[in-house]
Amino acid sequence: MIKGRVWKFGDDIDTDVIIPAKYLRSVDQSVWPKHVLEGVDPEFSSKVRPGDIIVAGKNFGCGSSREQAALAIKWAGVAAVVAESFARIFFRNAINNGLPLIEAKGISKIVEEGDVIEIDLDSGVVRTPKGEVKSVPLPPFLQDILRSGGLVEYYKTHAKRDQK
Amino acid sequence: MLSMASTAVEKIISDKIGRKVAAGEFVECPVDFAYCHDGTGVLVIDALKRMGVERIKDPDNFSIVFDHSVPPYSDQAATLQARVRRFAREQGLKKFHDMGEGICHQVIPEKGYVAPGMVVFGADSHTCTLGSFGLFSTGVGATDLAFILATGETWMKVPETIRVECKGALSEAVSSKDLILEITRIIGTDGATYKALEFAGEAVRAMSQSSRMTMSNMAVEMGAKTGFIEADEKTVAFLGRDGKRFSSDPGAAQEIIEVDAGSLEPCVACPGSVANVRPVREVEGAHVDQAFLGSCTNGRYEDLYEAARILKGRKVHQDTRMIVVPASKAVHMKAQRDGLLDIFLEAGAMVGVTGCGPCLGVHMGVIGENEVAVSTSNRNFIGRMGARSSSVYLASPQTVAASAVEGKITDPRRFLR
Ligand code: SF4
């Protein structure tokens, strides 16, 4: 169960606004969370607190394959992202790094910024002050990757053994 | 509904896995070829290290091409590249291409590393470009690619296919870029999410392989996994090799969209969204500070050739700067031999080192506060090419050249009387 305060964003939040390319080639990876979502809200990284939840419209994470977009969000302390829909590479990158994503149709209409919402990953139910939104839960093997903490950990516990 | 008809993408994946699969199934699929670039390479190496993988499984079918920060614009970029270079040496990669060779999506097919019927994964979103060679290709993040390098396979959901039938013949000064912009307008920025796009019809059959690459390149701008185009003799000529050719059975596509290519006119994607597409004549006159001709979308020889036809004997407007970056060394050399580079230089344009150039907004032509660019690349998100307040129009090479000459968005048909 994930419970947290909501930050709201619109449709088509692309990877260039999540983390502009100029910060990517950095030897010091701690700069990424400092600039997270700077393209839409330059103050976001100073406002977000560990455990907060992002709620967005459709096509969240569209654009480039840069994994730094998922990492910047995760390392900023965001506990989960709930959106109407996700772009597919971002979707994979988030799961692969242990950042929970929930695709919940209608979520952006009933949730306000600052609301506290609750997510049940197993059932796919999102509880909001204005009622519940049911989403399709992730397929079991993706939940496995998520529970492992990401694809690297998953590889260490599953794939590596199978290879032997 | 029980249907025996399969799409080309379903057939490629079925062939690879060894049993018949259909859209919607989650599968584990062997990967024939994988690649990444200097940018994503850093995180791929990180992930492999964390996984504890010392030797990758198939070094002969993995390529790294340096293209994003080429030549490096900062000490940090250079340091990270050195790390990737060292990794390439340690793993004994024969298909490692250091800076100066070109953009990965251009270099991989130019070298003939891929063939029709293959399953190809790349750590870059525009890996969908290679779908134009009759294969299945898609972009993933660095950790996914590391997993592929470690195991030789990956998971995916077999995608549904939207087949886009392009009827008629493109008119003069209208290119495959205009066509794909029009298709993006129709489908929208997320209309093909998790799906495959297949481009077909007489307009696509008539196109050069380079023009087809431009179409498939932008599939991801509609959220698609890949942009498939059936292979033919032109495909084989480009790659210098053939493979297994697959085509969709009639009626197999889950959705069909028809586009009248014959009535199409030059168009642009206006700032902010790739789907914000309008005919050039409706936005003619908007001021342009920078014109960019290049990228994996439109940096090939034919793109340079079409732009040079307009720039020959003319000058880039005094209030506008123009940057030309060939998509590969091979393109650069041919353009040089044929005198195209002279035409650009005499017109007052700058010609840059092959690679991504200013496409991603970090070097070689970043635009400033409130500046406007017209670009042959594929993305015009807020801040993509520079300052947050800057904006980008996406257009064909012809429209970019015409706009450079006039210093404002211009319909290229004015120059082709
Ligand atoms: S040219 Fe632009 S879109 Fe293409 S790979 Fe390079 S940065 Fe990406």
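Just above sits the structure.
Just so it is clear, the model here is predicted, and its values are computed rather than measured.

Rules used in this analysis
- Residue positions are counted from 1 within each chain, in the order its sequence is given.
- Throughout, the order in which chains and ligands are written sets their labels, letters from A for the former and numbers from 1 for the latter.
- In keeping with the model being predicted, local features are shown solely for residues with a pLDDT of at least 70 and side-chain atom pairs are shown and tallied solely at 80 or more, while totals for entire chains, interfaces and linings include all residues.
- Side-chain measures here rest on the full set of heavy atoms in the structure, leaving out hydrogens and waters.
- Strand pairing requires that DSSP identify at least two bridges connecting the strands.
- Per the convention used, a helix needs a DSSP run of H or I reaching at least four residues, while a strand needs a run of E reaching at least two, with both numbered from the N terminus.
- In this analysis, axes come from line fits to C-alpha atoms, helices being fitted only over the stretch in contact, and the angle between any two N-to-C directions falls in the range 0 to 180 degrees.
- Throughout, nonpolar core names a set of buried Ala, Val, Leu, Ile, Met, Phe, Trp, Tyr and Cys residues whose side chains join them through atoms within 4.5 Å.
- Exposed residues in this analysis have more than 50% of their type's maximum accessible area, buried residues have under 20%, and partly exposed residues fall in between, with area computed by a 1.4 Å probe over protein chains only.
- Note on contacts: a residue pair is in contact if any heavy atoms of the two residues lie within 4.5 Å.
- A 1.4 Å probe that fits but cannot get out identifies a cavity on a 1 Å grid over protein atoms alone, an open set with protein on both sides within 12 Å along at least five of seven lines counts as a pocket, and a residue lines either if it has an atom within 4 Å of a point.
- Grid points are joined across faces, edges and corners, and a volume is the space filled by probe spheres set on the points.
- Under this scheme an angle from 65 to 115 degrees is roughly perpendicular, one under 35 degrees roughly parallel, and one over 145 degrees roughly antiparallel; angles in between are oblique.
- Here a crossing is called left-handed whenever its near helix is offset anticlockwise from the far helix by less than a right angle, and right-handed whenever the offset is clockwise.
- When a carboxyl oxygen of Asp or Glu is within 4 Å of a side-chain nitrogen of Lys or Arg, the pair counts as a salt bridge.
- Polar contact is the term for a pair of N or O atoms within 3.5 Å; when the atoms are in protein, one must be able to donate a hydrogen and the other to accept it, and sequence-neighboring residues count only if both atoms are side-chain atoms.
- Each residue is assigned to one class: nonpolar for Ala, Val, Leu, Ile, Met, Phe, Trp, Tyr, Cys and Pro, charged for Asp, Glu, Lys and Arg, and polar for all the others, Gly among them.
- For each residue, the test is whether any non-hydrogen atom lies within 4 Å of the molecule or strand; if one does, the residue is near.
- For this analysis, a molecule is said to be in a pocket or cavity if more than half of its atoms are within 2 Å of the grid points defining it.
- Side-chain rings of Phe, Tyr and Trp (the six-membered ring for Trp) are treated as a pair once their centres are within 6.5 Å; stacked means planes under 30 degrees apart, edge-to-face means over 60, and tilted covers the remaining angles.
- Here, over-ring charges are defined by two tests on the NZ atom of lysine or the CZ atom of arginine: distance to the ring centre within 6 Å, and angle to the ring normal within 35 degrees.
- Just so you know, the count uses Lys and Arg for positive and Asp and Glu for negative, and it drops His and the chain ends.

**Some remarks on the sheet that holds strand S3 (residues 80-83) of chain A**
Residues and elements named next belong to chain A. What the seven strands build is an open sheet, ordered S4-S3-S2-S1-S5-S6-S7; its pairing is mixed. Where the open sheet ends on each side, the last strands, each with one partner, are strand S4 (101-103) and strand S7 (131-134). The mean angle between the axes of side-by-side strands here comes to 30°, regardless of whether they run parallel or antiparallel. Relative to strand S6 (residues 125-128), strand S5 (residues 116-120) runs antiparallel, the two sharing three bridges. Counterpart to Glu-118 in the pairing with S6 is Arg-127.

**Considering the nonpolar core**
The biggest cluster of nonpolar side chains holds 95 residues, and the ones touching the most others in it are Phe-60, Ile-73 and Phe-90 of chain A together with Phe-62, Ile-64 and Leu-145 of chain B. Non-local contacts of Ile-73 of chain A, meaning those with residues more than four positions away in its chain, are made with Ile-18, Val-36, Ile-54, Phe-60, Val-78, Val-81, Phe-90 and Leu-99 of chain A.

**A few points about empty space enclosed by the protein**
Enumeration according to the criterion identifies four cavities of 30 Å³ or more in this entry. Here the largest cavity defines a volume of roughly 300 Å³. Taken together, 29 residues make up the lining of the largest cavity; nearest its centre are Ser-64 of chain A together with His-37, His-68, Asp-124 and Leu-360 of chain B. At the level of secondary structure, the elements contributing two or more residues to the lining of the largest cavity comprise helix H2 (38-51), helix H4 (104-110) and helix H11 (295-298) of chain B. Considering every element that reaches the lining of the largest cavity, the biggest residue donor is H2 of chain B, with three residues. Volume-wise, the second largest cavity comes out at about 140 Å³. As for the second largest cavity, its lining consists of 16 residues, of which Cys-62, Gly-63 and Ala-87 of chain A together with Val-220 and Gly-223 of chain B are closest to the centre.

**Remarks on the pairing of strand S14 (residues 290-293) of chain B**
Successive side chains on a regular strand alternate, one facing one side of the sheet and the next facing the other. All names here are of chain B. Because side chains alternate across S14, one face comprises the buried residues Gln-290 and Phe-292, and the other comprises Ala-291 and Leu-293, equally buried. In this sheet, strand S15 (residues 321-324) lies alongside S14 in parallel orientation, the contact comprising four bridges. Paired with Phe-292 across the strands is Ile-323, a residue of S15. Summarising the sheet, S14 and strand S17 (residues 372-375) pair through three bridges and their orientation is parallel. Within the sheet, the bridge partner assigned to Phe-292 lies in S17 and is Ser-375.

**Regarding the packing of helix H6 (residues 176-187) of chain B against helix H8 (residues 209-217) of chain B**
Residue and element names in this part refer to chain B. Look at H6 against H8: their axes get within 9 Å of each other, and the N-to-C directions meet at 25°. As summarised for this structure, H6 and H8 are arranged roughly parallel, according to the angle between their axes. As H6 packs across H8, the resulting crossing turns out to be right-handed. Together, Ser-176, Lys-177, Leu-179, Ile-180 and Ile-183 of H6 and Ser-211, Thr-214 and Met-215 of H8 make up the contact between the two elements.

**Focus: the interface of chain A and chain B**
At the junction of the two partners, chain A supplies 46 residues and chain B supplies 49 residues. Linking chain A with chain B are three salt bridges, by the criterion used here. In this structure, the salt-bridge partner of Arg-384 of chain B is Asp-16 of chain A, at a minimum N-O distance of 3.1 Å. Taken together, chain A and chain B are joined by 19 residue pairs in polar contact (both at pLDDT 80 or more). Top contributing element to the side of chain A that touches chain B by residue count: helix H8 (residues 151-163) of chain A, with seven residues. Partitioning the side of chain A that touches chain B into residue classes produces 18 nonpolar, 13 polar and 15 charged.

**Concerning the site of the ligand**
Residue and element names in this part refer to chain B. Within the structure, the ligand sits among His-68, Ile-103, His-105, Asp-124, His-126, Ser-295, Cys-296, Cys-356, Cys-359, Leu-360, Asn-378 and Arg-384. Structurally, the ligand is housed in the largest cavity. The residue makeup of the shell around the ligand, split by class, is five nonpolar, five polar and two charged.

**Section: the pattern of salt bridges**
One pass over the full model with this rule turns up 40 salt bridges over all chains. The shortest N-O distance in the salt bridge between Arg-66 of chain A and Asp-16 of chain A comes to 3.6 Å. One end of the pair, Arg-66 of chain A, is in the loop between strand S2 (53-56) and helix H4 (68-75); the other, Asp-16 of chain A, is in helix H1 (residues 15-18), and 50 residues separate them in sequence. Judged by relative accessible area, Arg-66 of chain A falls into the buried class, the value being 6%. For Asp-16 of chain A, a relative accessible area of 4% puts it in the buried group. Across the salt bridge formed by Arg-281 of chain B and Glu-265 of chain B, the nearest N and O atoms sit 2.7 Å from each other. Here Glu-265 of chain B lies in the loop between strand S11 (255-260) and strand S12 (267-269) and Arg-281 of chain B lies in helix H10 (residues 280-283), a separation of 16 residues in the sequence. The class for Arg-281 of chain B is partly exposed, based on a relative accessible area of 45%. Here the residues in one salt-bridge network are Glu-265, Arg-281, Asp-411 and Arg-413 of chain B, joined through shared partners.

**Brief notes about the packing of aromatic side chains**
On inspection of all chains with the given rule, the structure shows 17 aromatic pairs over all chains. For the ring pair Phe-60 of chain A and Phe-90 of chain A, a centre distance of 5.3 Å and an interplane angle of 75° mean the geometry is edge-to-face. Of the two residues, Phe-60 of chain A is situated in the loop between S2 and H4 and Phe-90 of chain A in helix H5 (residues 88-96); the sequence distance between them amounts to 30 residues. Under the relative-accessibility criterion, Phe-60 of chain A is labelled buried at 0%. Grouped by ring-pair contacts, the aromatic residues Phe-60, Phe-86, Phe-90 and Phe-91 of chain A together with Tyr-194 of chain B constitute a single cluster. A cation over a ring is seen here: Arg-92 of chain A above Trp-155 of chain B, with NZ or CZ 4.0 Å from the ring centre. Between the NZ or CZ atom of Lys-95 of chain B and the centre of the ring of Tyr-113 of chain B, over which it lies, the distance is 4.9 Å.

**What to know about the side chain of Arg-25 of chain A**
One can find Arg-25 of chain A in the loop between H1 and helix H2 (31-34). Asp-38 of chain B provides the closest opposite charge to the buried, unpaired Arg-25 of chain A, separated from it by 5.0 Å. Non-local contacts of Arg-25 of chain A, meaning those with residues more than four positions away in its chain, are made with Gly-39, His-68, Ser-69, Tyr-73, Gln-76, Ala-77 and Leu-80 of chain B.

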